[in-house]
Each structure stands twice: as C-alpha cells, then as structure tokens.
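# Coordinate inspection notes
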Amino acid sequence: MSSVISTVHLNKKFPSSEAVLDLNLEVPAGSIFGYLGPNGAGKTTTIKTIMNIYVPSSGSATVLGLDSCRLSTARLQQIGYVSENQELPGWMSVNYYLDYCRAFYPQWDTDLCDALVKQFDLPRKRQLKQLSRGMRMKAALVSAIAYRPQLLILDEPFSGLDPLVRDELVEGILAISADHNWTVLVSSHDLAEIENLVTHVAYLDRGQLQFSEELASLQDRVREVEVICEDSPQVPAAWPEAWLKPETSSAVVRFVVTDFTDGKTPEQVKSLFPRCRDLSVRQMSLRSIFISLAKSHR
Amino acid sequence: MNQVVHIFRKDCRRLWRVISAVLVLTFLHGYGVIVDLGGGSNYAIGLSPYMLLYVLAGLSGLLLPITLFLLVVSVIQEESLVGSEKFWLTRPYSRLSLFLEKLLFVAVWAVLPMLLHDVVLIRYFGFPLSYAFGLLLWKGAQFGFCILVAAALAVLSASFGRALLLGISAVVITLLSLYAVMQSASGMPNAEGASYGVLALLVVAALGALAVIAFQYRFRITPVAAMIGVMAILACMLLARFWPSSLTHYLARQDTSSLLRSVQVRPDAGLKDLPPPRLAQAAAARSHSVYYPFQATGLPDNVRFDLSVSAKFESPGQAPARVGGDSVRFQPQSAGSPRFAEAGGPDQLVPFDLYFAGDFERVENADGVLSGKLFLEGFRTAAARVPVPAPMEPPRDFAIADRKCTVTSFTRENKVALVFDCVELEPGNTARFQVLLWQDNRPITPSQCQGDSSSAGSWPGFLSPIVRTNYRCEFVPPEPTQDSGAGPNPRREILVFAEQHAGRAQREFRIEHFRPAEFSLEAWEQRGAVRPGLYPLVPPAGSPRAPE
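The structure displayed is predicted, hence computed values, not measured ones. (Residues numbered from 1 in each chain as written. Chains lettered and ligands numbered in written order. Predicted model: local features only at pLDDT ≥ 70, side-chain atom pairs only at ≥ 80, totals over all residues.)

Take the overall build of chain B next. A tally of helices and strands in chain B yields twelve helices and 15 strands. Expressed as a percentage of its 548 residues, the buried residues of chain B come to 33%. Across chain B, the fraction of contacts at a sequence separation of at least 24, relative to all contacts at a separation of at least 6, is 76%. (Helix = DSSP H or I, 4+ residues; strand = E, 2+ residues; numbered from the N terminus. Buried ≥ 20, exposed ≤ 12 C-beta atoms within 10 Å, placed from the backbone. Contact = placed C-beta atoms within 7 Å.)

Next up, the structure:
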C-alpha cells in the first residue's frame, strides 16, 4: 500500500517551543488514519506543515507525491481540509460559500454537494457567521468533500460538537470514504468516535511519534492483563519495558501489555507471578489504550 | 485569469460599501473643487442642498484618504497573509492570481476613480489633457506610493486596526526622516536641493514596500517580511541622515534648465551705464559691500534669472574669505518688451559680501582672486493685457502663462479694486503675479495688493490636480482732467505680469586681481559704470515688491 502522506525527520520549531520532533509518518492510501495525541502534542502543527501553512524547520513532508512546500493548486484541488479553528468567510451565505469554492475545483460534483447539504440539513441562505459551530463544521465539510478529493484532512473536526452532530459527521465521512476509497487523516483527542472511524492510528506525544500502525494490530498488541493471586502480590523488579506500570490491589495485579502475543505473553506473566491462579487478558478500546499510554508518558 | 475574475467579483461583493464610499467621496471631492475654485461657493449659502453638498465636499478631503486606505487594507486582508487559520490557505488559490486580483481591484476602485476625478477637473478648468500628462503621471506616482505603503501595512497585519497602528508609526517615521533630510540640506544654496533627497527617500521607501508585498505574496513568512520592512525604514533613515550634499550638487548640475543652457554670465569690468544696484538694508552691510559688473549673454527674450553667488577670496598671505551676496536680477533689455514687470537688463552690478565680521578689514586692501559658483534661477515671464470689467459685469476670463484667471472689479471710496481668481495645474509654478492698471495710456501702480502672488513651492496636493490662487489689488486712479480728453469714462486696461520657474543652472567664475578697496559702489560711480539714479533698498524678506 503506497503512502499518500509521508514525513521524513520532520521538525517544526517555533521561537518558544519545539512542536514536532523528528517525525517519520506514513499514511497509507485508502486508510482512515487517526492522528492522536493529547492537547499540545503537535498534531495541528504537523497537519499545517503538511498543508504548507507552515514551513518545516528541517526534514520534509510529502503529500500526494509532492513536497509539501511545493503544493501546487493542482494538488490542493485533490485535498480537502477541515479544521476546528479555520476562519470561514462569515459574511458569505452557505450557498454563496459553496458556489465560491466550486470555481476552484474543476471536478466539483454539484449533485454530491446538493446531497450533502440536504443530508446535513444546511440552511442555504443563512450566513456562515449566523450558523452554530456544528453547522459551520458541516458546511466546511461539504465544501471539502464536494469535489471528491483524494485526501481529506480533518483537524479536530468533532471537538465542541454535540453527540448528534458528531454522529452525523462520522457517518457522513464513513459513508463517503467507503464509497470512494479516499484517504482520510483525522486528528483528534476525542477517541470514542475515532474508534469507529479509523483503520490506522498514530500517537504523538510532546512532538514525538510514539507509534503508528493499523488499529487492529494495535488492539491485538495492546491488551489489559489482570492477575489474581492468593496473597498480596509483589511486582517483580525485572519488569518488561513494553509493559506499562502495574496497578496492584489486595490480591489483584492489573497492567497493560503493549507487545501482547498469544501464548508467549501469558507464559511470561505466569513466570513473573508464579503464585497467582487466575490470568485474564482483555482487548482494550482505543480510548483505554490512549489513556493508558498518555498516563504512562506523564 | 478566471481565478482573478472570480476573486475580484467576490471582493466587489464583499466590499461594496467601501467601494461606494470611495466613489461618493471622490465625486464629492471633485464637486467641492469645482464649487470652491469655480466660485460656486457663492451659491452655497444658508441651509440648502448646495450647502449640505458643500459641507460634505469639504469633509471629503479628510474622509477620502481614510476610505482609500480602508479599501486597500480591506481587500488585501480579505485573503490575509498573516496567521494560519484563514480558509483560503488550504484552497487552490494561485498566489500570482491573488496578487493580480488585488492589483486589479485597487486599479479599478481606487486608481481609476481618482484618475477620472483628475481628468474631469483638468478638462472642466479648460486645461488640455496632453499638457497635463506629466502631472497625471506625477500624481499617479504619488498615489501609487501611498497605495504601496498601505498595501505593505496590510500584508503585515491581520486586522485593519493593526494596519492603522502600523500606518501611524510609518507616518511618524516618515516625517522624522523628511525633517532630517531638510535639516541636512540646510547648507544648500537653496532648499530645492532637498527635493533630490526626498525623492530618493521616497524611492527607497517604495522599493521597500514593494519588496515586503512581493515577499509576503511569494513566501508568506510575516516575521521575515516585517524584517524587510524594518530594513527599508532603516535605509530611509540612513539615507536621510547621510545624504551627501555633493550628490545634491552633482544632481543639480545635471539638472540644468534647458532655457538657461545657452546663457553665459561673465565678469566684465569695462561695462558702462549699469542700473543702480539694490542696497542692503543695514548701513554696516552697505559699507562692507563690494561690487563687480557681470554681463549675461544668450538670454531668450522671455526669460530672466536671479543670480546668487557662493565664492571665496584668496590673496597672498591671507586666509581665504568666504563671499556671498544678495541675488541680482538679469533679464533681456526690457525697453520695448511688455514681458517684464521691472526695467532692467543683461548687465548688472553684482554685490559681494564677506560672510564673517572682520574679514572686510582684513582683506580690504588685498589684491587676490575671487572665484566660485554662480547660481542661476530662471523664470519664464509673460504678460497679458485685459480690459477692466465694469463693476457688476460678469468676470472676465484670461490666460497668462499656465494660469487661467478671471478678474472682477468694483469701486470703493474712489479706489478701483481688481480681484483675480486663478487656477493652474499642480504643482503650482507661478513664481510672481503682478498687476498694473493703465488708464488712458498712463500706468498706475497698485496702492495695495494682497493674496497669493506666488503658487510655487507648495508641496503637491494629494487629491486635487488644481491649484487655486487669489489676488486682489487696489488702485487710486487720477481724476479725469480736461487735458486728458478722456471724459467721465476713462479707458482702463489691466497689464498682468506672471513669472514661472524655469529651472536652475550653475556657472563658475574667476576674477583675477580682485581688489575690494577699489570695487566699492562709489569707485564704480567714479568710473562711470553706474547710471545715476536712486538706489533702491533690498526689501526685507517676504514683503511685496512694487513694479518699478
């Protein structure tokens, strides 16, 4: 699977901070790629660098086969971008905004646009500044989808939206990307919705990439292990590096394993806790994985 | 091209209010100029629609520049180059198209209305457009400079308020720079030399603004663009501070007036029958003045020039002494020529004054060399004869030099008052405007004149291409006598003289065996060089000179 976005040793420094450090990221074509991380991790900076809004301090980013610094109008016609902080021209009505955007995209699909406006129940004649935040995000999404871009980049698209709008957006994105095999890069710290949406995830913390892989592989690899012992368990000194810090209570030890392998990991646990009787391994939600990893990195 | 038109239509739709304001204010300003200059203000009295329009037209002089600034800043900030959240940044805008669209917008809604405004005014006042082409280019350059500065402020700021703050800072810095230029030019023979420095400053500022705009549209890195702007301002300051006066002299030499090119000015001790020179007001200065006869050749018959001197006197065993002097007027023989307000000719006695007290006593009896520069300031002269309009008659139109004037008359307490209302193109170039009343072929000098005898030297106006001047003279005509045979209604005519600046030139001179003790005014009188007559005093600066 070829990469639609790739970064090589990408660094972005600001006078007061280093936002992205030595980032090597590959976003496979056709994937719905969740770009995760806590606030201030550098997700938005990465996306703005990819979109040529920022110039990299060093390293490079390639988008649709072209260096991000040389993104031409032809390439931008293949990229849809929606961000929570984007300043839309509030004086325009929804209709005029969509009409205005249409002229920039030869491949603009008016039928798709009309269908999306209808699906999202957008008031065509109302000015963008008069719309609610959710409605504005929908209008931005329509204007970023109606020309069927090869790559759709969504920067925190769901933050601050009510659950109903969130569901509508997620459903909309899922339906369209499934139909057209688009690549979608979505950054978020709102993981409950992302879990149903993404096929791949990457996790960024303080500007550094912690991992990047398929969601299924992540969920196979990261498991929660619970061990019940006969008496108060002792955490062994030789604790594997890939296992996160355990929590212990009277007779229970609970921890997260980030390199789980069927057969091998249970044997390894048993050898570390020889006096324990019950061992249970549970698959984790993306949210649980994210929280565990975030806690362990603090 | 499609993108340019598409964005242009969007900007027109977005900024229609500001566009309308610019158009209305431009119209009002033009109307105000016509009403004000065309004498229509007489009709704008009391509470009437005329009055309202007149007041609005007056305000337009202040509001129009502000609105134009708002227009330029707003259209650029529609696609702001500052910040990272603007929606257009992730849309397939071509930066070149965007730049061209802003250029088109400013051309259509700012430059074109002002050009039309100027053209209409120029035509309304009867000046041919071909004649005003240079003026239109010059005003276009001024306007372009202002737009460049506004655009540079707009590409560096995210909001109109910030652009305004930056603009105020830029104005303060510009004024300080100009002040520094004027100060450093104080050693020039005249302040005109400063204009080269100011022009150079404006060119550097314009290039700096252009660099900021081009950089922002190409790379959109605001801190670097701001740094370019700061460097341009620093370059202006350095230029203002260290502008070499030798460069001004060099440029002044290159900029010799074509009318004065053929003129030669030579010292000639053998000249006779020279007109009496003007004497300095102070008796001490008069006693220390020395003179030498100079002859001007090659003067066109409608050109005169004022000559001033910067020289040094060197004699064996003495330190050099710096020498200057009051300017002297050279002109073709005025006898038989109606073009000149004063009598005079091409041969004149030029005064030389030693700058420093004590120098005269030191070098009085020396025999040395006087050498230096002669600065010629040329004037093209013209005259017009106009019948005096009867009181209550409509104004009479006439043209003189590049001025179009109307004259009205009225009588009061046995005096005839003539009121001249004149217009000319920016920048005003009339150096002098003088009037004589002829009654039954006898000249009458005015008893009193007031108003603008000169329109020259003013800083070119930003908005109007027309300069207006008012001049009013009162005459006390003699009572008609039986001898005159004129009857109760004497034949009266106005003779108007006007002079226009015709550029400058420099010449060098050298007089061997210059002996101050032998070149006093009395000594030249004894040699018969000076025509007997009264010696007029040099009037203090600023007082009007009555025609001789």
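A few words now on the overall build of chain A. A count of helical and extended segments in chain A gives ten helices and 14 strands. Once the C-alpha set of chain A is aligned to its principal axes, its extents read approximately 70 × 40 × 35 Å. The buried share of chain A, taken over its 298 residues, is 37%. A separation of at least 24 residues holds for 71% of the contacts in chain A among residues at least 6 apart in sequence.

Counting from both sides, the interface comprises 13 residues of chain B and, opposite them, 19 residues of chain A. Of the residues that constitute the side of chain B that touches chain A, the class distribution is four nonpolar, four polar and five charged. (Nonpolar A, V, L, I, M, F, W, Y, C, P; charged D, E, K, R; others polar.)

Our focus in this paragraph is the domain arrangement of chain A. All names here are of chain A. Entries for chain A in the domain assignment read domain 1 (3–217) and domain 2 (222–297). Relative placement of domain 1 and domain 2: their C-alpha centres are 36 Å apart. The interface is formed by eleven residues belonging to domain 1 together with seven residues belonging to domain 2. Broken down by secondary-structure element, the contributors of at least two residues to the side of domain 1 that touches domain 2 are α7 (191–197) and β9 (200–205). For the side of domain 1 that touches domain 2, the element with the most residues is α7, which contributes four residues. In the side of domain 1 that touches domain 2, the residues fall into eight nonpolar, one polar and two charged. (Domains from an automatic or database assignment.)

Residues and elements named next belong to chain A. Strand order across the open sheet formed by six strands is β6-β7-β8-β3-β9-β10, with mixed pairing between neighbours. Each end of this open sheet is capped by a strand with a single partner; those strands are β6 (79–83) and β10 (208–214). Adjacent strand axes in the sheet meet at a mean angle of 15 degrees, parallel and antiparallel pairs treated alike. As defined by bridge partners, strand β3 (residues 32–36) adjoins β9 across four bridges and the pair is classed as parallel. Residue pairing for β9: Phe33 is matched across the bridge by His200. (Pairing = 2+ DSSP bridges. Axes fitted to C-alpha atoms, helices over the stretch in contact; angles between N-to-C directions.)

Residue and element names in this part refer to chain A. Strand order in the open sheet formed by four strands is β12-β13-β11-β14, with antiparallel pairing between adjacent strands. In this open sheet, the two strands that pair with only one neighbour each are β12 (247–248) and β14 (276–283). Running at roughly 145 degrees to β14, helix α9 (residues 264–272) makes contact with β11 (223–229), β13 (252–257) and β14 of the sheet.

The relative placement of two packed helices is expressed as an angle between their axes plus a distance between the axes. Residues and elements named next belong to chain B. As a packed pair, helix α5 (residues 129–156) and helix α8 (residues 222–242) sit with axes 10 Å apart at the nearest point and diverge in direction by 150 degrees. Taken together, the axes of α5 and α8 lie roughly antiparallel to each other. Taken as a pair, α5 and α8 cross one another with a handedness that is left-handed. Contacts between α5 and α8 pair Ala152, Val155 and Leu156 from the former with Thr222, Ala225, Ala226 and Gly229 from the latter. Here the contact of α5 with α8 is built from residues that sort into five nonpolar, two polar and no charged. (Parallel < 35°, antiparallel > 145°, perpendicular 65-115°, else oblique. Left-handed = near helix turned anticlockwise from the far one by under 90°.)

Another aspect to go through is unusual backbone geometry. Residue and element names in this part refer to chain A. You will see that Asp22, though not glycine, has its phi angle at about 45 degrees, which is positive. Relative to the assigned elements, Asp22 resides in strand β2 (residues 17–28). By the C-beta count within 10 Å, which is 15 here, Asp22 ends up partly exposed. The residue Leu64 is not glycine, and still its phi comes out positive at about 50 degrees. Topologically, Leu64 is positioned in the loop between β4 (58–63) and β5 (66–67).

This part takes up the pairing of strand β8 (residues 183–188) of chain A. Residue and element names in this part refer to chain A. Of all six residues that make up β8, six are buried, and the element is covered over most of its length. Here β8 shows two buried faces, one formed by Thr183, Leu185 and Ser187 and the other by Val184, Val186 and Ser188. When β3 meets β8, the two strands line up parallel, connected through five bridges. Bridge pairing in β8 links Gly34 to Val186.

Core analysis: the largest hydrophobic core is formed by 77 residues, its most contacted members being A:Phe33, A:Ile153, A:Val184, A:Val186 and A:Ala202. The greatest single-element share of this core, amounting to seven residues, is contributed by helix α5 (residues 133–145) of chain A. Composition of this core by domain shows at least three residues from each of domain 1 (3–217) and domain 2 (222–297) of chain A. The contact partners of A:Ala202, leaving out residues within four places of it in the chain, are A:Leu25, A:Phe33, A:Tyr35, A:Leu36, A:Leu209, A:Phe211 and A:Ser212. Judged by nonpolar contacts, the second largest core, of 44 residues, contains B:Val73, B:Val212, B:Ala225 and B:Ala240. (Core = buried A, V, L, I, M, F, W, Y, C linked by C-beta atoms within 7 Å.)

The subject of this paragraph is the environment of A:Ser31. All names here are of chain A. Relative to the elements of secondary structure, Ser31 occurs in the loop between β2 and β3. On the neighbour-count criterion, Ser31 (23 C-beta atoms within 10 Å) is buried. Residues Ser31 and Leu151, 120 residues apart in the sequence, show an inter-C-alpha distance of 9.8 Å. Apart from the residues within four sequence positions on either side, Ser31 is in contact with Thr183, Thr199 and His200.

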